[in-house]
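As a plain string of letters, each chain reads:
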Amino acid sequence: MCGIVGYNGTMQAAPILLEGLEKLEYRGYDSSGLAIRDGAKDIEIVKAKGRLRVLAEKTDEGMALAGNCGIGHTRWATHGEPSETNAHPHVSEDRNVVGVHNGIIENYQELKEKLQRHDYTFYSETDTEIAIKLIDYYMKKYREGPVDSIARAMTRIRGSYALVVMFKDYPDEIYCARKDSPLIVGVTEDASFAASDVPAILKYTRNVYYIGNQQIARLGKGTAEFFDIDREAVEIEPSEIKWDAEAAEKGGFEHFMIKEIHEQPAAVRDTIGSLVQDGKIVYGESGLTDEIIRNTSEILIVACGSAYHVGLAAQYVFEGLARIPVRVELASEFRYRNPILNQNDLVVVISQSGETADSLAALRLAKESGIRTLGIINVVGSSIAREADHVFYTLAGPEIAVATTKAYSAQLIVAYALAIQYAYVRGQIDEDRYTAMIAEIQTLPAKMERVLDDKERIQWFAAKYSNAKDMFFIGRGIDYAISMEGSLKMKEISYVHSEAYAAGELKHGTISLVENGTLVVGVCTQNRLFEKTRSNMVEVKSRGAYLMGLTSYGNYSIEDTADFTVYVPKTDEYFMTSLAIIPLQLLGYYLSVARGLNVDKPRNLAKSVTVE
Ligand code: F6R
């Protein structure tokens, strides 16, 4: 996820672009850059590592760059760590093509090799540079104009992209193209704008054109023309934006948390895209190999908070599928326990920020003991990402709400992929099962969207129980791991005292807390355990609990026990966490809203916990 702004008009472009980028900083903030042109003069490019402020200061708030046409970018790294070299805009060798990009090009390696065969060299680690040079390649090869060259590149690129590009020989034009990444166009009397999101251009216009998937736009000074991938002109009707500036920043949602809950299908889709190629799991640049997988004797998953809950769910998947022993450890405990580590262990550290002090210390402890480490990390170039021997990135983009949602969901995907790969390489599943499981993972984004479609029922339920004082989440197996995360969401944003309990443990103590009206959520997504958990639900009901059941479609007998039931689509039971967590995130969110709390910034909590 990155922020893009383009301007082509009569005013000075750089200050307008900086102002627009500032509104998009929530989309990325590890580096930024501007490319400005003044008529037919050479295009000037300035980039900076760090927050946008660094670029603003470097360019004297944009005043140091003269020209009324330009593009700007604020980056959230996916390929290549945050650095000035990797920052956008990127440029072809003779500065014929200059562009910025948001998205993930899945076949970047194949395209890079193709361009290398034609003597192209690369200065950065980004997939964007490859896209820009591919456009340049087609322009030179076929001697055609920008729309044709972009369209040819689009037919070769797999993955998602929003591209905004300038060409040396077309000084008064900006070109845009998109597939599965957002990009809008705004037009005023004497200017045109391109942006990843509405807030960047709201000051200038409320009429925006949503460029369709696989479409191209040519922006003049106050004009916009649109083309499809076959280079035929297409008409797009403008839409009027009715949100105020604050709502626009959150995509029309009331809070970042609910926006991020809705971004989960995309985060999961992008993460799957980076892990699966041609129906197989790929190691990418992680350095993991079949040999390492074969030689692993035990996996230790170390993390904090929600990332630890990903580990708990992953343990069932790894052990069930790959039959390899897995220990899941709280990083804050692990580091002080003098843990027993063996030479062939693999320590997996899961962290959104990549900076959590306890997780980082646990990683260092493992490394000092000579144990191989692997990070599942969202922030490219973060401390854990830099120090781990192997890294798999979650492609969730920046998470603004303190309570994690989309990063958690993306972490689960990496964990599933690793578990499937371990199972396959170690001969625990055959090729058919391997292929079927990968295919099933790819259905998750659409199924998550179906769960989100049902959110009004949970909103209603949350409003009804907004005065709840105590809550219990119960489940067995993977459902217990789901309960742990559901309960944490409830506590941290709604301030409702809540406990997650292994359903079979209730009668060993906790059930004495259940009284008339106590809210209990029974999670029953695992067929083998359905009847067992249901009888635990009956036990709490007979002591007066009010019961919410959470299961998959088809298990309608739960209605004999539960007072209110939420269903999610069926999937392989190992992947149920990805679907069942969404209603619980929504429950925590809507309860917090109903109680009038600060959802995005709950009291006493910070997004990145860099102290012990
Ligand atoms: C809960 C939450 C925290 C984090 C934990 C680890 O919603 O966000 O529990 O999961 O602080 O943070 P990272 O993943 O950055 O290491």
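Residues numbered from 1 in each chain as written. Predicted model: local features only at pLDDT ≥ 70, side-chain atom pairs only at ≥ 80, totals over all residues. Heavy atoms only, no water.

Colleague: Outline the site of the ligand, listing residues and values.
Modeller: Lining the immediate environment of the ligand, one finds 14 residues, of which Ser351, Gln352, Ser353, Thr356 and Glu492 sit closest. In the model, an oxygen atom of the ligand is placed 2.6 Å from a nitrogen or oxygen of the serine 353 side chain. One nitrogen or oxygen atom from the side chain of glutamate 492 is found 2.6 Å from an oxygen atom belonging to the ligand. For the ligand, the protein covers 89% of the area, taking 400 Å² as the surface of the free molecule. Sorting the residues of the shell around the ligand by element identifies helix H10 (305-322) and helix H18 (478-494) as the ones contributing at least two each. Tallied by class, residues from the shell around the ligand come to five nonpolar, seven polar and two charged. Formed jointly, the shell around the ligand draws a minimum of three residues from each of two domains, domain 2 (250-442) and domain 3 (453-597). (Near = heavy atom within 4 Å. Polar contact = N/O pair within 3.5 Å; in protein donor to acceptor, adjacent residues only side chain to side chain. Areas by Shrake-Rupley, 256 points an atom, 1.4 Å probe, with all protein chains shown as cover. Helix = DSSP H or I, 4+ residues; strand = E, 2+ residues; numbered from the N terminus. Nonpolar A, V, L, I, M, F, W, Y, C, P; charged D, E, K, R; others polar. Domains from an automatic or database assignment.)

Colleague: Summarise the packing of aromatic side chains; cite the residues concerned and give the values.
Modeller: According to the stated counting rule, one finds 21 aromatic pairs in the structure shown. Judged by centre distance (5.4 Å) and plane angle (40°), the ring pair of tyrosine 209 and phenylalanine 226 falls under tilted. Linking tyrosine 209 in strand E11 (residues 207-210) with phenylalanine 226 in strand E13 (residues 223-228), this pair joins segments that are 17 residues apart in sequence. Judged by its relative accessible area of 4%, phenylalanine 226 is buried. The interplanar angle of 75° and the centroid separation of 5.8 Å between the aromatic rings of phenylalanine 318 and tyrosine 422 together place this pair among those described as edge-to-face. You can see phenylalanine 318 sitting in helix H10 and its partner tyrosine 422 sitting in helix H14 (residues 406-425), a full 104 residues away along the chain. Looking at tyrosine 422, the relative accessible area reads 1%, which means it is buried. In this structure, arginine 51 is placed above the aromatic ring of tyrosine 29, and the distance from its NZ or CZ to the ring centre is 4.4 Å. (Phe/Tyr/Trp six-rings, centres within 6.5 Å; stacked < 30°, edge-to-face > 60°. Buried < 20%, exposed > 50% of the residue type's maximum accessible area, 1.4 Å probe, protein only. Lys NZ or Arg CZ within 6 Å of the ring centre and 35° of its normal.)

Colleague: Break down the packing of H18 against helix H20 (residues 576-594) for me, with residues and values.
Modeller: Running from N to C, H18 and H20 cross one another at 20°; their axes reach a closest spacing of 9 Å. Overall, the two elements H18 and H20 adopt an arrangement that is roughly parallel. When you trace H18 past H20, the crossing you get is right-handed. Along the contact surface, H18 presents Ile478, Ile482, Glu485, Gly486, Lys489, Met490, Ile493 and Ser494, while H20 presents Met576, Thr577, Ala580, Ile581, Leu584, Gln585, Leu587, Gly588, Tyr589, Leu591 and Ser592. Its residues assigned to classes, the contact of H18 with H20 shows eleven nonpolar, six polar and two charged. (Axes fitted to C-alpha atoms, helices over the stretch in contact; angles between N-to-C directions. Parallel < 35°, antiparallel > 145°, perpendicular 65-115°, else oblique. Left-handed = near helix turned anticlockwise from the far one by under 90°. Contact = heavy atoms within 4.5 Å.)

Colleague: So, the sheet that holds strand E8 (residues 174-179): which residues are in play, and what are the values?
Modeller: Spatial strand order, E5-E6-E7-E8-E12-E13-E14: seven strands in an open sheet with antiparallel pairing. The strands lining the two open edges of the sheet, one partner per strand, are strand E5 (90-91) and strand E14 (233-234). Helix H4 (residues 127-142) rests against E5, strand E6 (97-105) and strand E7 (159-167) of the sheet, and its axis sits at about 125° to E6. (Pairing = 2+ DSSP bridges.)

Colleague: Give a description of helix H16 (residues 444-453) that names residues and reports values.
Modeller: Burial in H16 covers these residues: Leu444, Pro445, Lys447, Met448, Val451 and Leu452. Seen from one end, H16 has its buried residues packed into an arc of 160°, which puts them on one side. (Arc of directions from axis to C-beta.)

Colleague: Could you give an account of the sheet that holds strand E2 (residues 31-37), with specific residues and numbers?
Modeller: The antiparallel open sheet is built from eight strands, whose spatial order is E3-E2-E4-E1-E10-E9-E11-E15. What marks the edges here is a single partner per strand, and that holds for strand E3 (44-49) and strand E15 (239-240). Note that strand E1 (residues 3-8) and strand E10 (residues 192-195) share four bridges and pair antiparallel. Looking at E10, one finds that valine 5 is bridged to alanine 195. Strand contacts of helix H1 (residues 13-23): E1, E2, strand E4 (69-75) and E10, with the helix running at about 155° to E1, the strand carrying the most contacts.

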